[in-house]
Amino acid sequence: MSSSGVEGRDQNGSSSFSIASENEHRQKTKREGMGNEGDMRTGEEEDEECYSPPERQIVVGICSMTKKSQSKPMTQIMERMCKFQYITVIIFPEEVILNEPVENWPLCDCLISFHSKGTNERFPLDKAVEYAKLRNPLLINDLKMQYYIQDRREVYRILQQEGIDLPRYAVLTRDPDRPEECNLVEGEDQVEVNGEVFPKPFVEKPVCAEDHNVYIYYPTSAGGGSQRLFRKIGSRSSVYSPESSVRKSGSYIYEEFMPTDGTDVKVYTVGPDYAHAEARKSPALDGKVERDSEGKEIRYPVMLSAMEKLVARKVCMAFKQTVCGFDFLRANGHSYVCDVNGFSFVKNSMKYYDDCAKVLGNMVMRELAPQFHIPWSIPLEAEDIPIVPTTSGTMMELRCVIAIIRHGDRTPKQKMKMEVRHPLFFELFEKYGGYKSGKLKLKKPKQLQEVLDIARLLLAELGQHTDCEIEEKKGKLEQLKTVLEM
Ligand SMILES: Nc1ncnc2c1ncn2[C@@H]1O[C@H](COP(=O)(O)OP(=O)(O)OP(=O)(O)O)[C@@H](O)[C@H]1O
Ligand SMILES: [Mg+2]
């Protein structure tokens, strides 16, 4: 699994198009102050004076909460995407997303839109779905699937459906009006949920995926109590609690605790064929966040195994999220997916910013260039050109051999050549019209019988002769006779 493709600036495209309706569409976009060639703009930055008709541009719209659309990784990646000659990125202002009907939202050809819970307001996913229905842009991350991603029960259901390994789990759903009426039997060192037993240590996760108050319960043998995880606050991500009994209100997933080496593997896909992974200290350990001198959380490099890459591909495709973050727990020689977060960029990695922009840009071009009549093919990267230094100079490297092979067995031809001189053969030749076309095919039993009769007659005549030319003829006649007698 790797990134592929090349930056758009290397692609020589055609000159601009002048299809009226298309220009109208584009101009409308410009008038709304949402686009500018090779540049990234927000809705407020309109400058019609500077506007000169661009070449036919593919507009990529970013529709998310400001905190996300103005984040560093987003800015870095979109700046790189703008380097594609035919791509223009526009950002939907949060105020428009929240307050304007979708009919007034900017136009775009490709939409990068994702749900998040802002500090005050949450992203209006319903409106985004409505917008996508109205304008039908190419969706980088499917919107309807984002409803499922907000519910851990649905996430686990989909993972299970895809045959992806995940911790053994059970769902405890509570009616808020009758919280006691649920399928929970609690013991000192275990819980029984819907009849399924989870001995401590086990993990208790709120069904709402945005609720990060995940609790881990320790067995009595380890001193009991629980570790309460939460969304990072400064240098802390969890705290120990002496409380050993589980929460009695709310709906939770209970799952077996997977013993890792103390790190979580965070995976970030960009399409089914690209995934970046890094490890972080698990918040379940002591809750102290490891930070470097710049205050950034310490990350450990990770190489995904072939199996894990396959799982990354499955997750990306099952949730229809090109850009998708999820967590692996490496335990007992396996990797288990314990969390799928949907749209998420790697932070502070130039390599990822470069790769991500290339993969997304190439994806957009591949999908949309044909309908925009933009000539486009993914050009080779320097590293893709198979030239290698060898002891005898620089050479093209043989990357593969394609062979088309078939077996050499075939049925031997059953043919016999025989020169004939006897008038009987010529009579036969004439009788069946051989002189008309200069050749003759005899297939009918009666005809073959006649050939056999001649062979027998000649053999009888030749009986007494012994010279070698006649011997040879005799041999052929005998062969003819044997075959016809079979
Ligand atoms: N089954 C498990 N076994 C062991 N540790 C687990 C298990 N499930 C979760 N954890 C630990 O708890 C942490 C939080 O769990 P999870 O990722 O499911 O919740 P989250 O709050 O949605 O996380 P995120 O911040 O990534 O959205 C994980 O990173 C992992 O360290
Ligand atoms: Mg997680």
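Predicted model only: the values in this text are computed from it and were never measured.

Further remarks concern the sheet that holds strand 10 (residues 202-206). Across a sheet, strands are paired by hydrogen bonds formed along the backbone, either parallel or antiparallel in direction. The six strands are arranged 6-14-10-11-12-13 in an open sheet whose pairing can be described as antiparallel. Two strands lie at the open edges of the sheet, namely strand 6 (169-172) and strand 13 (236-241), each paired on one side alone. Between one strand axis and the next, the sheet turns through 20° on average, direction left out of account.

Glancing now at the coordination of the magnesium ion (ligand 2). Ligation of the magnesium ion (ligand 2) by protein atoms is provided by Asp327 (OD) and Asp339 (OD), these donors lying 2.0 to 2.1 Å from the ion. Taken together, the residues span a long stretch of sequence, with Asp327 in strand 18 (residues 323-331) and Asp339 in strand 19 (residues 334-342) at a distance of 12 residues. For Asp327, a relative accessible area of 7% corresponds to the buried category.

Moving on, we come to the site of ligand 1. Of all residues adjacent to ligand 1, which total 21 residues, the nearest are Lys205, His212, Glu255, Met258 and Asp264. Coverage of ligand 1 by the protein amounts to 91% of the 620 Å² it exposes when considered alone. Of all the secondary-structure elements, those providing two or more residues to the shell around ligand 1 are strand 10, strand 12 (226-233), strand 14 (252-256), strand 15 (263-270), strand 18 and strand 19. Looking at the shell around ligand 1, the element that brings in the most residues is strand 19, giving three residues.

Helix length check: helix 8 (residues 306-318), at 13 residues, gives a terminal C-alpha distance of 18 Å against a target of 18 Å (1.5 Å per residue), a fit within 8%. Turning to helix 8, its buried residues number three or more, namely Glu308, Val311, Ala312, Val315, Cys316 and Ala318. Contacts from the buried residues of helix 8 go to helix 6 (145-149), helix 7 (152-161), strand 15, strand 16 (275-281), strand 18 and strand 19. Downstream of helix 8 by a residue or two, Lys320 has a phi angle that is positive, lying close to 50°.

By secondary structure assignment, the location of Met303 is in the loop between strand 17 (300-301) and helix 8. Those residues within four positions of Met303 in sequence are excluded, and the remaining contacts are Glu308 and Arg330.

Before going further, it helps to spend a moment on the packing of helix 10 (residues 423-431) against helix 12 (residues 445-462). Contact geometry of helix 10 with helix 12 gives a least axis separation of 10 Å together with a crossing angle of 165°. Between helix 10 and helix 12, the angle falls in the class roughly antiparallel. For helix 10 against helix 12, the interelement crossing comes out right-handed. Contact with helix 10, carried on its side by Leu424, Phe425, Leu428 and Lys431, involves Lys446, Glu450, Val451, Ile454, Leu457 and Leu458 of helix 12 and no other residues of that element. Residues that form the contact of helix 10 with helix 12 fall into these classes: seven nonpolar, no polar and three charged.

Okay, the environment of Arg236 next. You can see Arg236 is positioned in strand 13. The class of Arg236 is partly exposed, set by a relative accessible area of 32%. Sequence-wise, Arg236 and Glu290 are 54 residues apart; in three dimensions their C-alpha atoms are separated by 9.1 Å. Discounting residues that sit within four places of it in the chain, Arg236 has contacts with Phe230, Asp286, Gly287, Lys288 and Val289. From its side chain, Arg236 meets the backbone oxygen of Ser238 in a polar contact 3.1 Å long.

The rules behind the values
- Residues numbered from 1 in each chain as written.
- Chains lettered and ligands numbered in written order.
- Predicted model: local features only at pLDDT ≥ 70, side-chain atom pairs only at ≥ 80, totals over all residues.
- Heavy atoms only, no water.
- Pairing = 2+ DSSP bridges.
- Helix = DSSP H or I, 4+ residues; strand = E, 2+ residues; numbered from the N terminus.
- Axes fitted to C-alpha atoms, helices over the stretch in contact; angles between N-to-C directions.
- Donors = N, O, S within 2.8 Å, 3.2 Å for Na, K, Ca; no water.
- Buried < 20%, exposed > 50% of the residue type's maximum accessible area, 1.4 Å probe, protein only.
- Near = heavy atom within 4 Å.
- Areas by Shrake-Rupley, 256 points an atom, 1.4 Å probe, with all protein chains shown as cover.
- Expected span 1.5 Å × (residues − 1).
- Contact = heavy atoms within 4.5 Å.
- Parallel < 35°, antiparallel > 145°, perpendicular 65-115°, else oblique.
- Left-handed = near helix turned anticlockwise from the far one by under 90°.
- Nonpolar A, V, L, I, M, F, W, Y, C, P; charged D, E, K, R; others polar.
- Polar contact = N/O pair within 3.5 Å; in protein donor to acceptor, adjacent residues only side chain to side chain.

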